[in-house]
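Survey of secondary and tertiary structure
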Amino acid sequence: MRVTKLEHAALVVEHSGDRLFVDPGKFTTPITEAGGALAVVITHLHDDHWTPEQLGRIRDRSPGVRILGPDGVVAAAADAGIEVERVAPGDEVEVGPFRLRFFGGRHAVIHPSIPVIDNVGVLVNDALYYAGDSFAVPEGVEVDALAAPAGAPWMKISEAMDYVMAVRPKRAFPTHEMVLSRAGKDLSNLRLAWAVEQGGGEYLPLEPGDSFDL
């Protein structure tokens, strides 16, 4: 299973010639290579994690693709004429070679004036975990690779460090970093690397387009 980091919060996972996309939003380069896509997971409705245009490109190249997300995404996508299958924490879905387990439930608080929306974290094949915009820990799971948030309006780097230490992954790499300058990315990489090393893990300072194997 190969994981490729795209810009911002987007990932693509490849297994046996099939593809799974996660959170292709407005800060991600338009996705044009999407043949063989079996599923798209959208963690929540914010447009830095999905847009109708990105989903349209994926569907054009893989017409049978399944799109999964929580209630808020189901409703927002329906307004754009896109059908999304509802998933919630505790659900498990199998799509081809991908086993998807969902955790969490709520987006991290940005500010008391901003409503908290639903958000699901996804565990792929009991190995790769991405919590969307949350610090939801997948209890009872030994995480091989963690997509760790590097920068966002809803977090401090100290919170991301504590989160990484709580999950104790074997490997971690940065996500949600398009809100950061180059200097900010370097600083986040340094702090997240320290955090994953506290549990004996390895930090992968991936840039968009970089891949690794699970």
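The preceding data block contains the structure.
From a predicted model like this one, the values you see are computed outputs, not experimental measurements. (Residues numbered from 1 in each chain as written. Predicted model: local features only at pLDDT ≥ 70, side-chain atom pairs only at ≥ 80, totals over all residues. Heavy atoms only, no water.)

On to the overall build of the protein. In terms of regular secondary structure, the protein is built from four helices and 14 strands. Against the 2.2 N^0.38 benchmark of 17 Å for 214 residues, the protein shows a C-alpha radius of gyration of 16 Å, consistent with a compact globule. Principal-axis analysis of the C-alpha atoms gives the protein an extent of 45 × 45 × 35 Å. Every one of the 214 residues in the protein was classed for burial, and the buried ones make up 54%. Within the protein, contacts between residues separated by at least 24 positions form 58% of all contacts whose residues are at least 6 apart in sequence. When the accessible surface of the protein is summed, it comes to about 9,000 Å², and 50% of that surface belongs to carbon and sulfur atoms. When the 19 basic and 31 acidic side-chain charges of the protein are each reduced to a single mean position, those positions are 2 Å apart. (Helix = DSSP H or I, 4+ residues; strand = E, 2+ residues; numbered from the N terminus. Rg over C-alpha atoms; globule rule 2.2 N^0.38 Å. Buried < 20%, exposed > 50% of the residue type's maximum accessible area, 1.4 Å probe, protein only. Contact = heavy atoms within 4.5 Å. Areas by Shrake-Rupley, 256 points an atom, 1.4 Å probe, with all protein chains shown as cover. Lys, Arg positive; Asp, Glu negative; His and termini not counted. Charge placed at Lys NZ, Arg CZ, Asp CG, Glu CD.)

A separate point is empty space enclosed by the protein. Using the criterion set out here, one finds one cavity of 30 Å³ or more in the structure. For the largest cavity, the calculated volume is near 60 Å³. Around the largest cavity, the lining residues are Ala150, Pro174, Glu177, Arg182, Lys185, Ser188, Asn189, Leu206 and Glu207. Per-class residue counts for the lining of the largest cavity are three nonpolar, two polar and four charged. (1 Å grid on protein atoms, 1.4 Å probe; cavity = no way out; pocket = protein on both sides within 12 Å on 5 of 7 lines; lining within 4 Å. Points joined across faces, edges and corners; volume = space filled by probe spheres on them. Nonpolar A, V, L, I, M, F, W, Y, C, P; charged D, E, K, R; others polar.)

What follows concerns the nonpolar core. Core analysis: the largest hydrophobic core is formed by 28 residues, its most contacted members being Leu20, Leu100, Phe102, Val124, Leu128 and Phe173. For this core, the elements supplying multiple residues, two or more each, are β2 (11-15), β3 (18-22), β4 (37-41), β7 (92-95), β8 (98-106), β9 (118-124), β10 (128-130) and β11 (145-149). Not counting the four nearest positions on each side in its chain, Leu128 is found in contact with Val3, Leu11, Val13, Val122, Leu123, Ala145, Phe173 and Leu214. Core analysis: the next-biggest nonpolar cluster, separate from the first, contains 25 residues, Ala108, Tyr129, Leu146 and Tyr203 among them. (Core = buried A, V, L, I, M, F, W, Y, C linked by side-chain atoms within 4.5 Å.)

Here the focus is the environment of Thr4. With respect to the helices and strands, Thr4 occurs in strand β1 (residues 2-5). Counting along the chain gives 36 residues from Thr4 to Val40, while the straight-line C-alpha distance between them is 14 Å. With near-sequence residues (within four places) excluded, Thr4 lies in contact with Ala10, Leu11, Val12, Glu14, Gly209, Asp210 and Ser211. Of note is the side chain of Thr4, whose polar atom sits 2.6 Å from the side chain of Ser211. (Polar contact = N/O pair within 3.5 Å; in protein donor to acceptor, adjacent residues only side chain to side chain.)

Below, the discussion takes up helix α3 (residues 157-167). Among the residues making up α3, those that are buried are Ala160, Met161, Tyr163, Val164 and Val167. Down the axis of α3, the sector holding all buried residues measures 160 degrees, keeping them to one side. In this fold, the buried residues of α3 make contact with β10, β11 and α4 (182-198). In the stretch just after α3, Arg168 is the one whose phi turns positive, near 55 degrees. (Arc of directions from axis to C-beta.)

Moving on, we get to the layout of surface pockets. Roughly 270 Å³ of internal volume is contained in the largest pocket. Along its surface, the largest pocket is lined by 14 residues, and Leu6, Phe21, Ile31, Thr32 and Glu33 are the ones closest to its centre. Sorting the residues of the lining of the largest pocket by element identifies β2 and β3 as the ones contributing at least two each. When its residues are assigned to classes, the lining of the largest pocket shows five nonpolar, five polar and four charged.

Attention now goes to the packing of aromatic side chains. Inspection of the entire model under this criterion finds four aromatic pairs. Ring plane angle 55 degrees and centroid distance 5.4 Å describe the contact between Phe135 and Tyr163, whose orientation is recorded as tilted. Linking Phe135 in the loop between β10 and β11 with Tyr163 in helix α3, this pair joins segments that are 28 residues apart in sequence. In this structure Phe135 comes out as partly exposed when scored by relative accessible area, which is 25%. What links up through ring pairs into an aromatic cluster is the set Phe135, Trp154 and Tyr163. (Phe/Tyr/Trp six-rings, centres within 6.5 Å; stacked < 30°, edge-to-face > 60°.)

It is worth stressing that arrangement in space is one thing and function is another; only the former is reported here.
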